[in-house]
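Structure at a glance
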Amino acid sequence: MTEKIKLFLDTDLLEKYLLGTTTTEESLQVERYIAMYPEVRKTYNELQENLETFAKIHKLKAPEGLKEKIISKIRQEKRGKSKFFRYAVAASIAACIFAGSAFFFYNQNKSLQQENTLVTNKIKDLEMDMKVQLEDIRNQYIVLNNPNTKKYSVMGNKKAKELKAVAYINPVKKLSYINVSNLPQLPEDKCFQMWAEVNGEMVNLGIIRALDNKDKLFALPYADNAIGYITIEPQGGNSTPTVQNIVANINY
């Protein structure tokens with residue numbers, strides 16, 4: 001455990017966060033540490049379980065014999081002492097309300113924290129997706145505008161004569177893309193699927209959907225002497241390529 005994490009755990013920020021008493025800045029710090037460090041996340045989960053157990057134990061648990069004592073006292077002072085009865089009932093109701101409210105607010109706080117964590121994780125996922133997309137756009141720009149990029153025309157065989165594509169390979173930047181500009185019509189129960197043989201391993205690159213954007217580039221994994229394939233597969237795709245249904249290949 002690093003000194004940074006140890007110093008953080010020595011504070012009472014996790015306990016304050018569980019009870020909802022942290023400031024906005026403190027909450028952000030706690031959530032960041034929970035997300036980044038497994039040790040902090042483990043401690044947080046243990047504290048959360050302990051607090052939940054404590055709340056459940058003390059939810060409506062009353063001292064043994066309390067009910068019998070109250071009934072006995074009410075019977076003893078029933079005549080002429082109705083005021084005590086009202087106070088006893090009010091006190092019992094207040095105690096139940098307090099216990100119930102404490103558990104309710106604990107659950108509310110826990111629910112809000114879970115929702116906050118869920119939203120935070122979704123934001124992080126979106127940020128990651130954006131980074132991946134921006135990186136892909138940057139790589140496409142490099143491949144299309146770099147003088148070291150080589151272009152290879154790809155034509156379909158007799159099973160897909162109308163298939164046309166262009167592969168862009170940049171051995172310097174080690175980037176590869178393919179643009180499929182035309183696909184022949186297939187029966188509804190069939191689809192085109194793309195593959196790449198990289199370092200002796202077959203990689204599934206997914207189904208080639210209807211070409212709404214004919215300028216779209218598909219990323220190819222780069223390797224020396226790699227081979228790309230386009231096959232006809234059952235609708236929904238296949239886990240391995242159907243060799244006899246290869247309609248195009250790209251050596252790059």
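Located above this text is the structure these notes cover.
Residues numbered from 1 in each chain as written. Predicted model: local features only at pLDDT ≥ 70, side-chain atom pairs only at ≥ 80, totals over all residues. Heavy atoms only, no water.

Quick look at the pairing of strand β5 (residues 201-208)
We count it as follows: Strands are treated as partners if at least two bridges between them are detected by DSSP. Numbered from the N terminus, helices here are DSSP runs of H or I no shorter than four residues, and strands are runs of E no shorter than two.
Both strand β4 (residues 190-198) and β5 contribute to a ladder of seven bridges, which runs antiparallel. What sits directly across from Val 198, in β5, is Glu 201. In sequence, β4 turns back onto β5 through a hairpin of two residues, with Asn 199 there showing a positive phi of about 50°.

So, the packing of aromatic side chains
To be explicit about the condition: Pairing of aromatic rings covers Phe, Tyr and Trp, the last counted by its six-membered ring, and requires centre-to-centre distances within 6.5 Å; plane angles under 30 degrees mean stacked, over 60 mean edge-to-face, and any other angle means tilted. Accessible area is worked out with a 1.4 Å probe on protein chains only. A residue is then buried under 20% of its type maximum, exposed over 50%, and partly exposed in between.
Within the structure shown, the criterion is met by three aromatic pairs. For the ring pair Phe 8 and Tyr 33, a centre distance of 4.2 Å and an interplane angle of 15° mean the geometry is stacked. Of this pair, Phe 8 sits in helix α1 (residues 3-10) while Tyr 33 sits in helix α3 (residues 24-36), and the two are 25 residues apart along the sequence. Here Phe 8 and Tyr 33 have matching classes, each one buried. Geometrically, the ring pair formed by Tyr 33 and Tyr 37 is tilted, given 5.3 Å between the ring centres and 50° between the ring planes. The exposure class of Tyr 33 is buried, given its relative accessible area of 9%. Taken together, Phe 8, Tyr 33 and Tyr 37 form an aromatic cluster joined through their ring pairs.

Looking at a nonpolar patch on the surface
Selection criterion: Exposure above 30% relative accessible area and the absence of a salt bridge qualify a residue for a patch, where like charges join within 9 Å and nonpolar side chains (Val, Leu, Ile, Met, Phe, Trp, Tyr) within 5 Å. The Shrake-Rupley method, run with a 1.4 Å probe sphere, supplies the accessible areas, and residue values consider only the shown protein chains as cover. Any Lys or Arg side-chain nitrogen located within 4 Å of an Asp or Glu carboxyl oxygen qualifies as a salt bridge.
Judged by side-chain polarity, Met 130, Leu 134 and Ile 137 come together as a nonpolar surface patch covering roughly 320 Å² of accessible area. Of note, Ile 137 is situated in helix α6 (residues 82-145).

Some thoughts on the sheet that holds strand β2 (residues 164-170)
What counts is decided by this rule: Under this scheme, a helix contributes an axis fitted over its contacting stretch, all axes are lines through C-alpha atoms, and angles between N-to-C directions fall in the 0 to 180 degree range.
Taken together, the four strands give an open sheet; going across it, the order is β1-β2-β3-β6, and neighbouring strands pair in antiparallel fashion. With partners counted over all chains shown, the strands left at the sheet margins are β1 (150-155) and β6 (218-220), one partner each. With strand direction ignored, the average angle separating the axes of adjacent strands in the sheet is 25°.

Notes on α3
Quick note on the threshold: Expected helix span is computed as 1.5 Å times (number of residues minus one). Note: the arc covers the axis-to-C-beta directions of the helix.
The first and last C-alpha atoms of α3 sit 18 Å apart over 13 residues, in line with the 18 Å expected at 1.5 Å per residue. Looking only at α3, the buried set comprises Ser 27, Val 30, Glu 31, Tyr 33 and Ile 34. Looking straight down α3, one finds that the buried residues subtend no more than 165° of arc, so they occupy a single side. The exposed set on the far side of α3, more than 90 degrees from its buried face, consists of Thr 24, Glu 25 and Leu 28.

Section: the pattern of salt bridges
Enumeration according to the criterion identifies three salt bridges in this entry. For the salt bridge of Lys 16 with Glu 26, the shortest nitrogen-to-oxygen distance reads 3.5 Å. Taken together, the residues span a long stretch of sequence, with Lys 16 in helix α2 (residues 13-19) and Glu 26 in helix α3 at a distance of ten residues. Residue Lys 16 is classed as partly exposed on the basis of its relative accessible area, which comes to 24%. In this structure, Glu 135 and Arg 138 form a salt bridge, with 2.8 Å as the shortest nitrogen-oxygen distance. Taken together, the residues Glu 135 and Arg 138, both in helix α6 and three residues apart, mark about one turn of the helix. With relative accessibility at 38%, the residue Glu 135 sits in the partly exposed group. Arg 138 gets classed as partly exposed once you look at its relative accessible area, which sits at 44%.

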